[in-house]
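Survey of secondary and tertiary structure
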Amino acid sequence: MQHLQWGWEYPTICQREASTAANVRDGEPLVIGELTRDSSTVNKSKLPLLGLPATTEYTSKAMRELSIVVTPQFVKAAAAK
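Residues numbered from 1 in each chain as written. Predicted model: local features only at pLDDT ≥ 70, side-chain atom pairs only at ≥ 80, totals over all residues. Heavy atoms only, no water.

1. Some thoughts on the overall build of the chain
Helices and strands together make up the secondary structure of the chain, namely zero helices and four strands. Looking at the chain alone, contacts between residues at least 24 apart form 48% of all its contacts between residues at least 6 apart. In the structure as shown, the chain presents an accessible area of about 7,900 Å², 54% of it carried by carbon and sulfur atoms. (Helix = DSSP H or I, 4+ residues; strand = E, 2+ residues; numbered from the N terminus. Contact = heavy atoms within 4.5 Å. Areas by Shrake-Rupley, 256 points an atom, 1.4 Å probe, with all protein chains shown as cover.)

This is how it looks when you write it as structure tokens:
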């Protein structure tokens, strides 16, 4: 179970990870990872139509994509006096 700030709990349903190491400049965007998932669902139903059997088939396809983009902003320390 994951805990939220106010004490609520929620289950972890799906967890995916991506990691990388790179040298970047200040303010330069970096794509850490791109996670994709394809799914397909087929639904079939049989309904009598005017006394005759009728079959209906419905297919749905989905593609989910998650891109992780980070733009670092470096904090410069104040010069010592």
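2. Some words on the pairing of strand β4 (residues 52-70)
Pairing between strand β3 (residues 30-49) and β4: 19 bridges, direction antiparallel. Looking at β4, one finds that L47 is bridged to A54. Between β3 and β4, which pair antiparallel in sequence order, lie two residues; one of them, L50, sits at a positive phi of approximately 55°. (Pairing = 2+ DSSP bridges.)

3. Examining the confidence of the model for the chain
With 85% of its residues at a pLDDT of 70 or more, the chain shows a mean pLDDT of 79. Taken element by element, the chain is modelled with least confidence in strand β1 (residues 2-3), mean pLDDT 55, and with most confidence in β4, mean pLDDT 84. (pLDDT = per-residue confidence, 0-100.)

4. Considerations on the pattern of salt bridges
Counted under the stated rule, the structure contains three salt bridges. In this structure, the salt-bridge partner of R25 is E28, at a minimum N-O distance of 3.4 Å. For E57, the salt bridge goes to K44, with nearest N and O atoms at 3.9 Å. Here E57 is found in strand β4, whereas its partner K44 is found in strand β3, with 13 residues between them in sequence. (Salt bridge = Lys/Arg side-chain N within 4 Å of Asp/Glu carboxyl O.)

5. What about the environment of A22?
With respect to the secondary-structure elements, A22 resides in the loop between β2 (9-10) and β3. Taking relative accessible area as the criterion, A22 reaches 45% and is therefore assigned partly exposed. With 10 residues separating them along the chain, A22 and I32 place their C-alpha atoms 9.1 Å apart. (Buried < 20%, exposed > 50% of the residue type's maximum accessible area, 1.4 Å probe, protein only.)

6. A look at the environment of N43
Assignment of secondary structure puts N43 in strand β3. C-alpha separation for the pair N43 and T59, spaced 16 residues apart in sequence, amounts to 6.3 Å. Setting aside anything within four residues of it in sequence, one finds N43 in contact with T56, E57 and Y58.

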